[in-house]
Amino acid sequence: MKKASLIVAAEELVTCSPGGVIRRLDAMSDIGLVHNGAVAVIDGVIDAVGEESEILSSYETENLVRAKSAVPALVDAHTHPVFAGSRIKEYEMRANGSSYLDIMNMGGGIAGTVRNTRNASSEELLKLLLERLDRMFKCGTGTIEAKSGYGLSLDEELRELRIIKQASLIHPMDIVPTLLGAHAVPKEYASSLRNRRKYIDIVKNEMIPAAAEEGLAEFVDVFCEEGAFSISETEEIMDAAMAKGLKTRIHSEQFKSSGASLRAAAKGACSCDHLLGLSVEDIRKIRDYDTVCMFLPSSEFFLNVRNYGKMREAIDEGAAVGLATDFNAGSCLSESLPMTMSIAVIQMRIKPEEAILASTVNPACSIGRGDYAGSIERGRQADIICLGCGYRSWLYHFGVNMITDVIKKGKVYV
Ligand code: NIG
Ligand code: FE
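Values in this document were obtained by computation on a predicted structure and should not be read as measured data.

(A) Geometry of the pairing of strand β6 (residues 64–72). With six bridges connecting them, strand β2 (residues 6–14) and β6 associate as parallel partners. Counted as the bridge partner of Val8 is Val65 from β6.

Take a look at the structure:
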């Protein structure tokens, strides 16, 4: 008998196998379900997956965890977790009828969080980040993409990326860092077109090279939207990123249709995110690329936009899709990816199986972690969440944490 450091046994074992390749169309429903399944783990790595009877006759262990269902730890491929301060006033203004764009035009929005974040000490930002990672982890997320973007100067953006790096050395969460210097033009550069140009040059010629040289970012993101950065500015910044060996992802068509998502996909963006304005016509073209169309319905829910975008059509047309929280102070103060998945099922006509693959295999591929995260298979990191209910009841029971154990690299956290 082989000795396993851990065995997880589940009435419904959702393996999401095979991982590491983007799922589309009908493959979005194939979650690799094993009834009465089990996983044997040795030193943080999955050694075998199969039926419980098979695994228990081949492995002995002192550490057996039982669950109603078990699924791969989730992958949240779009978060903004480094910030200080609260935007509760904006949340309350929306209850009185203001929109996100009204508030942004009044000098609130991203600019407000930039002020608060610049004024916070690095110790405070790290503490806040670790608390947020804990909440994500408890909700079942084992790997995230984390953006800077509330510093908007060379030093402040690098400071945020260094804090992300520090957190990744302390916390069990796997974190993939993204430079989002092009989140907004900071007010000190917003007064004229010439100054605006100067800021874009700082992003291209200072932030990107510094982040790449220090190994602080794997991705560069741009907020491509009227009032933020134009399509041609976005393309310029993407080129600068790729020239330094960084990959790209963008915020596009959050409020309006612009064609930006398709343009970014053609340039090699790993994901295009938000996409309320993404048209069916563009979906039929974007499906030719491996760019993941990332839908962020918690943000639409939080901003009360009442349009969740065309994820259903994107799946049916064969585009690569994912779901992510967009966790941030202004447009989604929720660390829960299962909540996002429930919104997708309830409001966007997404099947639970599709929501699961859109929160595991596909986002893992989009952040370059398809080789270890997003599926339960031999040789992969043992990142597994255990549920006190069947996998279908999980999202049905919305807004409530049904997770009994989070297993990260073979270690059990309750
Ligand atoms: O993805 N749209 C741009 N950025 C964020 C919002 C950030 C903020 O409001 O602080 C988003 O929704
Ligand atoms: Fe975002």
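(B) Region of interest: the packing of helix α5 (residues 122–138) against helix α6 (residues 154–170). Running from N to C, α5 and α6 point in directions that differ by 50°, and their axes come no closer than 10 Å. It follows that α5 is oblique to α6 by the angle criterion. Handedness of the α5/α6 crossing: right-handed. Only Arg159, Ile163, Ile164, Gln166, Ala167 and Ile170 of α6 make contact with α5, whose side of the interface consists of Ser122, Leu125, Leu126, Leu129, Leu130 and Leu133. Looking at side-chain class alone, the contact of α5 with α6 contains nine nonpolar, two polar and one charged residues.

(C) The pattern of salt bridges, seen in detail. Scanning the model with the defined rule gives 32 salt bridges in all. Note that Asp290 is salt-bridged to Arg24, the shortest N-O span being 2.9 Å. Of this pair, Asp290 sits in the loop between α10 (280–286) and β13 (292–295) while Arg24 is found in the loop between β2 and β3 (33–42), placing the two residues 266 residues apart along the sequence. Classification of Asp290 as exposed rests on a relative accessible area of 56%. A salt bridge links Arg197 to Glu236; its shortest N-O distance comes to 2.6 Å. Taken together, the residues Arg197 in helix α7 (residues 193–213) and Glu236 in helix α8 (residues 231–243) connect sequence positions 39 residues apart. With relative accessibility at 25%, the residue Glu236 sits in the partly exposed group. Counted as one network, the salt bridges with shared partners bring together Glu145, Lys147, Asp221 and Arg249.

(D) Seen up close, α8. With 13 residues, α8 should cover 18 Å at 1.5 Å per step; its first-to-last C-alpha distance of 18 Å lies within 8% of that length. Those residues of α8 that are buried are in contact with β9 (174–182), α7, β10 (219–224), β11 (247–252) and α9 (260–266). Gly245 lies just past α8 and shows a positive phi near 80°.

(E) Molecular detail of the side chain of Ser252. As for its position among the elements, Ser252 is in strand β11. Within the structure, Ser252 has its side chain in polar contact with the side chain of Ser261 (distance 2.8 Å). Non-local contacts of Ser252, meaning those with residues more than four positions away in its chain, are made with Cys224, Glu225, Ala260, Ser261, Cys272, Asp273, His274 and Leu275.

What counts and how
- Residues numbered from 1 in each chain as written.
- Chains lettered and ligands numbered in written order.
- Predicted model: local features only at pLDDT ≥ 70, side-chain atom pairs only at ≥ 80, totals over all residues.
- Heavy atoms only, no water.
- Pairing = 2+ DSSP bridges.
- Helix = DSSP H or I, 4+ residues; strand = E, 2+ residues; numbered from the N terminus.
- Axes fitted to C-alpha atoms, helices over the stretch in contact; angles between N-to-C directions.
- Parallel < 35°, antiparallel > 145°, perpendicular 65-115°, else oblique.
- Left-handed = near helix turned anticlockwise from the far one by under 90°.
- Contact = heavy atoms within 4.5 Å.
- Nonpolar A, V, L, I, M, F, W, Y, C, P; charged D, E, K, R; others polar.
- Salt bridge = Lys/Arg side-chain N within 4 Å of Asp/Glu carboxyl O.
- Buried < 20%, exposed > 50% of the residue type's maximum accessible area, 1.4 Å probe, protein only.
- Expected span 1.5 Å × (residues − 1).
- Polar contact = N/O pair within 3.5 Å; in protein donor to acceptor, adjacent residues only side chain to side chain.

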